[in-house]
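Structural characterization, general
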Amino acid sequence: MKRSSLAWYVAVACLGGSLCVGSVVQADSPATVKANSVAPTAIATQVQPAQPVTVTAAQTPVANNEGVNDVAAQAALKQKQQYQAETETMGLLWMRTSAEYRALAYQGYNVALNLVKMAVTDPSHQRKPLAIVLDADETVVDNTKLMGESVANGNGRFDAPWWRQAVHQGKSQAMPGAVEFLNEVHKQGVEIFYVSNRYAPVNYDATVQNFKELGFPSVDKEHVLLFEKDSDKQPRFDAITKKYNVILYMGDNAGDFPIGTKGKTLAERNAIIDEHKEDFGTTFVVFPNPAYGSWVSALAKGYQNLSPEEQKQVNNQYLQQ
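Residues numbered from 1 in each chain as written. Predicted model: local features only at pLDDT ≥ 70, side-chain atom pairs only at ≥ 80, totals over all residues. Heavy atoms only, no water.

Backbone geometry places Glu 138, a non-glycine residue, at a positive phi of 60°. If you trace the backbone, Glu 138 turns up in the loop between β2 (130–134) and β3 (141–142). Phi is positive for Ser 218, which is not a glycine, with a value near 55°. Looking at the secondary structure, you find Ser 218 in the loop between α8 (200–214) and β6 (224–227). (Helix = DSSP H or I, 4+ residues; strand = E, 2+ residues; numbered from the N terminus.)

Here is the structure:
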């Protein structure tokens, strides 16, 4: 397989959107740093809250011995995997163990169910059949056990092959309260659409089987809308709203909501959220996810491709602002 073809496969074969961010390279993430890059000395002064930094790394001379290069590349990858595992540990620990995380999950579903029940009894909502749209990973299914096991073994880089293997294990668990919430919404006569950026050609069958085993309703081709050609969820949102009155969107990533944050800078994303502040808790319900998300890739242009040293400098700059 040509290198360019492999890069395309790695970009599209992962879960995308929510999970094709953070420590995995996205299809739309500009790759401005080469694998064997040298940390620029001025990176800390380049980071601005309104405009993520673009890092152009110095090129490393190519050695004649390909075997030496392969060993060096493997060592660099291992270093990055270990560093990312270390940075993700506390976030995953919080999601795996804390009473607060469980409480926030229940709170999100309680708020959502109250909104659904109000909409069902509101005549003004009856022009079209009612529906809710929700993300899958870390919204109704919990992958933190699989990620935690990987991190404990020194790998925090959840690339496309890793995610495909994880999805095909079929071990994603239900979020606390998810099964009860989804089945109650179904009983209310409201359609449920799972709009996820798991890559459909390789993950659809495994996803459907896992969802059915968890007891989720409305698990079929009409209601499970995975990523096929465009990781932007807006076209799928638009297709649903043509037939249904969507009363609620739920997710753990700003891209799970129809507000146009895809590809935006850190400052732009925050400004968009501020513009929609009245929608949160009324039309949008957000679940916490400190482990991964588009917020990570917004820290700096090409952030996922930076070396551990470069990422540390970016991180420290924001921590001290």
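Alright, that's what it looks like, and here's the rest.
As summarised here, the arrangement of the 5 strands in space is β6-β5-β2-β7-β8, forming an open sheet in which the pairing is parallel. Every interior strand has two partners, whereas the edge strands, β6 and β8 (284–286), have only one. Across the sheet, the mean angle separating the axes of adjacent strands is 20° when strand polarity is ignored. The pairing of strand β5 (residues 191–199) with β6 spans 3 bridges and is parallel. (Pairing = 2+ DSSP bridges. Axes fitted to C-alpha atoms, helices over the stretch in contact; angles between N-to-C directions.)

Spanning 12 residues, helix α12 (residues 308–319) covers 16 Å between terminal C-alpha atoms, matching the ideal 16 Å at 1.5 Å per step. Within α12, burial applies to Pro 308, Glu 310, Gln 311, Val 314, Asn 315 and Tyr 318. In an axial view of α12, the angular spread of the buried residues amounts to 160°, which keeps them on one side of the axis. (Expected span 1.5 Å × (residues − 1). Buried < 20%, exposed > 50% of the residue type's maximum accessible area, 1.4 Å probe, protein only. Arc of directions from axis to C-beta.)

Here we take up the environment of Ala 76. By the secondary structure assignment, Ala 76 is in helix α3 (residues 66–97). For the pair Ala 76 and Ser 307, spaced 231 residues apart in sequence, the C-alpha separation works out to 8.4 Å.

Overall, the prediction assigns the protein a mean pLDDT of 83, with 79% of residues at 70 or greater. Residue range residues 1–52 is modelled with pLDDT below 50. Its contacts to residues more than four positions away, or to other chains, number 132 contacts. Within the model, pLDDT remains below 50 along residues 54–63, and this stretch shows 23 contacts once partners closer than five positions in the same chain are excluded. (pLDDT = per-residue confidence, 0-100. Contact = heavy atoms within 4.5 Å.)

Locating Ala 178 in the fold gives a position in helix α7 (residues 178–187). Judged by relative accessible area, which is 0%, Ala 178 ranks as buried. With 39 residues separating them along the chain, Ala 178 and Thr 139 place their C-alpha atoms 8.2 Å apart. If we skip the residues at most four places from it in the chain, Ala 178 touches Tyr 109, Val 140 and Phe 216.

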